[in-house]
Structure formats: structure tokens, C-alpha cells
Amino acid sequence: LGRLPAGDGFPAWIGALVRARQRLGRADFARAVRAGARALLSTGTTAVGDIDASGACARLAPELGPRLVVYRELLDAWDPGRTRATLARVRTRLRARACVREGLSPHAPYTNSAELLRQAHALARRRGLALTIHWAETPVERAWLEHGTGPLAALLPSAPRRAGLALLDEAGLLTPRTSLVHGNDARPRELALLAQRGVTLVHCPGTRARVA
């Protein structure tokens, strides 16, 4: 807590997050997951969907207490060399456990290639998995996705020049099994499409206050 800047913009927050994660080891992630579970249970929260980028939640799920959907994160940063390895990491199912379900989280349309999004949809469909995806968190995402401009242009390759929601739709991901997180920069017609497809939109006020 308190390791990441607030009010310096989305790219600065991403950079700080990446640097902070690089300083953490397996034991650090385990401690964080256990502390988060204790905090949730202390407030009466007994059902949790966790986006698991480190694998710690998947490893520790049986001992944590809450009912869990462990959303295993996928991210290739539009790098074809990372796509296969990212998918290989989740091809083996999580071991079935009481009160623990497996899900997938292809991180966001600006951090995942179209191929990875398609493969995530196919894998989730075969296994009957729920999905959760970051979407429209800040205008910075849209600037890069649709126009190749803004701070993300220095961090990512050539932009697809498409709306993020269009990329998710083309990959088959706009279904009732999908929840999209944030939606701070959503357009009215995009919200109408989500309602039509039965997609759940999850608002995150804490993240909005920090980076939007």
C-alpha cells in the first residue's frame, strides 16, 4: 500500500506498477494474497473474483477461505514471441477444488494481440470458463488503440487503429460469460452494445480515483 503514485497519470502508474512487481518475489506475492483474503473476510466478503497475474492465488486458493474465481491473466503486449508462452501457461486446467473455480483474464485490448484474444475466447469456450477484461479505463487507451497517439505510443508497437471494444467483439469475447472492468471512458453506443450482448460491466471507484 502506498507504493504507487496517485495523480501522475495512467502511464506513470503503469511504469511504477511494473517496477514494483519486479522487486517482489514468490513469498511477497503469497503474503499479499493471504493479507488480501484476510481483509476481505474481515469485512464479510465471502465470494471473490481475483485476477491472478503471479499464480499465487491459484497456488494458495484452498487455504484462503473465500469462495474464489481465479482469473488467470494473459498478456502478450502485442509481441508474437510472447503469445505462445502466455497461452501455454494456462493450457493446463487448475485442479478442481471445493469453492474454487477457474477463469481467464486476457488483460486488456491495448495489451493483448488480436491472436491472443481469439485464443483466449476459444480456450474459455472449450472449458466453459468465465472471463474478465480491463476495458476503457482511461482515455489514454483509446488514443493509442484508435489513433496511435498519446503516452502509450512510446510503450507499445504500431496501434491497430481500432476501438478496443471492436477488437473484443471480433475475438468473440462479448458474451454473458464476460465481465469488463472499469468502463470509465465508455461511449453511449458501446454501453448499449454491452447491454445487448449481456456483458457485465464492473465499476472500480478506487482505480478511477487514482488513474482516470
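Please refer to the structure placed before this passage.
As the structure is a computational prediction, the values presented were derived from the model and not from experiment.

## What about the overall build of the protein chain?
Working step 1: Along the protein chain, the regular secondary structure elements total 9 helices and 6 strands.
Working step 2: The C-alpha atoms of the protein chain give 17 Å as radius of gyration, which agrees with the globular expectation for 212 residues (17 Å, within 12%).
Working step 3: Taken along its principal axes, the extent of the C-alpha atoms in the protein chain is 45 × 40 × 35 Å.
Working step 4: Residues classed as buried in the protein chain amount to 42% of the 212 residues present.
Working step 5: Restricting the contact set of the protein chain to residue pairs at least 6 apart, pairs at least 24 apart contribute 62%.
Working step 6: About 11100 Å² of surface is accessible on the protein chain, with carbon and sulfur atoms providing 54% of the total.
Working step 7: In the protein chain, the 32 positive side-chain charges and the 17 negative ones have mean positions that sit 6 Å from each other.

## Focus: the packing of aromatic side chains
Working step 1: Tallied over the entire structure, the rule returns 1 aromatic pair.
Working step 2: With centroids separated by 6.0 Å and ring planes inclined at 70 degrees, the aromatic side chains of Trp78 and Trp144 adopt a geometry described as edge-to-face. Here Trp78, found in the loop between strand 2 (67-74) and helix 4 (80-91), pairs with Trp144, found in helix 6 (residues 139-147); they are 66 residues apart in sequence, far enough to count as distant. When sorted by exposure, Trp78 lands in the same class as Trp144, which is buried.

## Brief notes about the pattern of salt bridges
Charged atoms that come close allow side chains of opposite charge to pair.
Working step 1: Tallied over the entire structure, the rule returns 11 salt bridges.
Working step 2: The partner of Glu115 in a salt bridge is Arg118, and the shortest N-O contact between them spans 2.8 Å. With Glu115 and Arg118 both in helix 5 (residues 114-127) and 3 residues apart, this pair spans about one turn of that helix.
Working step 3: Exposure remark for Glu115: the relative accessible area of 35% places this residue in the partly exposed category.
Working step 4: By sharing partners, the salt bridges in this structure join Arg142, Glu146, Asp185, Arg187 and Glu190 into a single network.

## So, the side chain of Arg72
Working step 1: Examined against the element boundaries, Arg72 turns out to sit in strand 2.
Working step 2: Under the relative-accessibility criterion, Arg72 is labelled buried at 11%.
Working step 3: Excluding anything up to four places from it in sequence, Arg72 contacts Asp52, Arg89, Val90, Thr92, Arg93, Leu94, Glu102, Gly103, Leu104, Ser105 and Arg127.

## Re empty space enclosed by the protein
Working step 1: Taken as a whole and judged by the stated rule, the model has 1 cavity of 30 Å³ or more.
Working step 2: Taken as a whole, the largest cavity holds about 70 Å³ of empty space.
Working step 3: If you go around the largest cavity, the residues you meet are Trp135, Ala136, Glu141, Arg142, Leu145, Glu146, Ala163, Gly164, Leu165, Asp185 and Glu190.
Working step 4: Secondary structure elements with two or more residues in the lining of the largest cavity: helix 6 and helix 7 (164-170).
Working step 5: Residue contributions to the lining of the largest cavity peak at 4 residues, all from helix 6.

## Description of helix 6
Every α-helix carries 3.6 residues per turn, so stepping three or four residues along brings you back to the same face.
Working step 1: The element helix 6 is extensively covered by neighbouring structure, given that 7 of its 9 residues are classed as buried.
Working step 2: Of the residues making up helix 6, those classed as buried are Val140, Glu141, Arg142, Ala143, Trp144, Leu145 and Glu146.
Working step 3: Note on helix 6: the residue one or two positions beyond its end, Gly148, has a positive phi of about 70 degrees.

So, how was this worked out
Residues numbered from 1 in each chain as written. Predicted model: local features only at pLDDT ≥ 70, side-chain atom pairs only at ≥ 80, totals over all residues. Heavy atoms only, no water. Helix = DSSP H or I, 4+ residues; strand = E, 2+ residues; numbered from the N terminus. Rg over C-alpha atoms; globule rule 2.2 N^0.38 Å. Buried < 20%, exposed > 50% of the residue type's maximum accessible area, 1.4 Å probe, protein only. Contact = heavy atoms within 4.5 Å. Areas by Shrake-Rupley, 256 points an atom, 1.4 Å probe, with all protein chains shown as cover. Lys, Arg positive; Asp, Glu negative; His and termini not counted. Charge placed at Lys NZ, Arg CZ, Asp CG, Glu CD. Phe/Tyr/Trp six-rings, centres within 6.5 Å; stacked < 30°, edge-to-face > 60°. Salt bridge = Lys/Arg side-chain N within 4 Å of Asp/Glu carboxyl O. 1 Å grid on protein atoms, 1.4 Å probe; cavity = no way out; pocket = protein on both sides within 12 Å on 5 of 7 lines; lining within 4 Å. Points joined across faces, edges and corners; volume = space filled by probe spheres on them.

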